[in-house]
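Listed below, chain by chain, are the residues.
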Amino acid sequence: MHCQRAARLLLARRRLPPAYGCRLRPLQRNTRHSSTSPSPTSPLLERWLGKDGLGCPAIAASRKALLDAIGPAAEPSSEALAASVCSHYRSLEESGARRSFLRMLAGDLGVDHEGAVARARRLVELHSQGRGEATLLKSEAHLFQLLQPPYCQLFSLIGRLEGGVKFLVDLRGDLLEAQQEPPDHHEQPDCLLSEMAAQLREMLAKWFSLGLLELQNVTWQSPCDILEKISQYEAVHPLRHWRDLKHRVGPGRRCFIFTHPALPREPIMVLHAALTSGPTSSIQALLSRSTGRDEVSKDIDTAVFYSISATQRGLSGIELGNYLIKRVARELQHEFPEQLKHFVTLSPIPGFRKWLESHLKLHIQQGDVIMM
């Protein structure tokens, strides 16, 4: 009962989830590059620095140094430059400013198409000359390197920072949001943002592989900050009262979360399950606080997964929910080896009613359906 008062206050406020930011302390740019003059900028970068008035002189002055730092022989001091990029990005509060910054990165730190084409032609030439395997492999390695956008090296540097992985998760969330907004006629096409989001997805998919995720069982005795986030992240069946939360983590119920070492005390995926006697067809019965069952009851033979929520938009498109359900099924089977025989899901289908009504209306107009 130690969390009862705290949970009541938290749910009463019904706060929106906080911004999941990378809380980096401001880091000064390496003085070794303090006298470095900026390299010629693209029209987009000049517009971003000038007309919009949102530029950061420190980043502009260190642009050439940053480009050099994210090469194959990146030095440890390059992390200070990466931290300055993070700090400046977080200082941009408006979505339009962040979108301009992302387009600047995607355009100026994208693939060198001309260099890649030249290297590809060189590879074809070497192959036609019948060069040896070692020569071809070396040329292919150079081509592969040119096909990797330089901002991927920047993301790798950011991933080394404290809180850097969380920053990249949020950054991809901003990228996905920016793709949904219509671009201005004078800005870079959104295909650059799509490619950056895809590249970042591949990196995050490796960092959030199943072997690096930790499974935790949340109970009423779990830390209050975890319970708070469980209530905030619930996207399927919102919690109206602290008693709802207590019911969903109490007897006859299970709540499991995936966490990651790079995001301490931050649920990545949340799964709610109910222990019942046979499959149920009513979600209201599961959510009712009067239906909790004694876990020693011998008539429990079914685990119903009735709610699963992804908490990080930046991880969308990375398969985690399916793995979580399978892991939880194994955990419950180990906990109740003689009782549990069935594992079922009971989930809503968003938009199904609207879809059904529109199709029925269309068929009624066409005379294919007769209303009785």
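Higher on the page you've got the structure.
Residues numbered from 1 in each chain as written. Predicted model: local features only at pLDDT ≥ 70, side-chain atom pairs only at ≥ 80, totals over all residues. Heavy atoms only, no water.

(A) Region of interest: helix α8 (residues 133-146). Over its 14 residues, α8 runs 20 Å from end to end, which matches the ideal 20 Å to within 8%, given 1.5 Å per residue. Along α8, the residues that are buried comprise Leu 136, Ser 139 and Leu 143. For α8, the arc enclosing every buried residue in end-on projection is 65°, short of the 170-degree limit, so these residues lie on one face. Structural note: α8 exposes Glu 133, Ala 134, Lys 138 and Phe 144 on the side pointing more than 90 degrees away from its buried face. Where α8 is buried, its residues touch α7 (113-128). (Helix = DSSP H or I, 4+ residues; strand = E, 2+ residues; numbered from the N terminus. Expected span 1.5 Å × (residues − 1). Buried < 20%, exposed > 50% of the residue type's maximum accessible area, 1.4 Å probe, protein only. Arc of directions from axis to C-beta. Contact = heavy atoms within 4.5 Å.)

(B) Geometry of the packing of helix α6 (residues 95-108) against helix α10 (residues 164-179). Two elements in contact, α6 and α10, have axes whose closest approach is 10 Å; the angle formed by their N-to-C orientations is 100°. As the angle between them shows, α6 and α10 are arranged roughly perpendicular. Contact with α6, carried on its side by Arg 98, Arg 99, Leu 102 and Arg 103, involves Leu 171, Asp 174, Leu 175 and Ala 178 of α10 and no other residues of that element. Split into classes, the residues belonging to the contact of α6 with α10 amount to four nonpolar, no polar and four charged. (Axes fitted to C-alpha atoms, helices over the stretch in contact; angles between N-to-C directions. Parallel < 35°, antiparallel > 145°, perpendicular 65-115°, else oblique. Nonpolar A, V, L, I, M, F, W, Y, C, P; charged D, E, K, R; others polar.)

(C) Layout of the packing of helix α9 (residues 150-159) against α10. Axis separation between α9 and α10 bottoms out at 7 Å; the angle between their running directions is 135°. Taken together, the axes of α9 and α10 lie oblique to each other. For the pair formed by α9 and α10, the contact residues are Phe 155, Ile 158 and Gly 159 on the first element and Gly 164, Val 165, Phe 167, Leu 168 and Leu 171 on the second. When the residues that make up the contact of α9 with α10 are grouped by side-chain class, the tally is six nonpolar, two polar and no charged.

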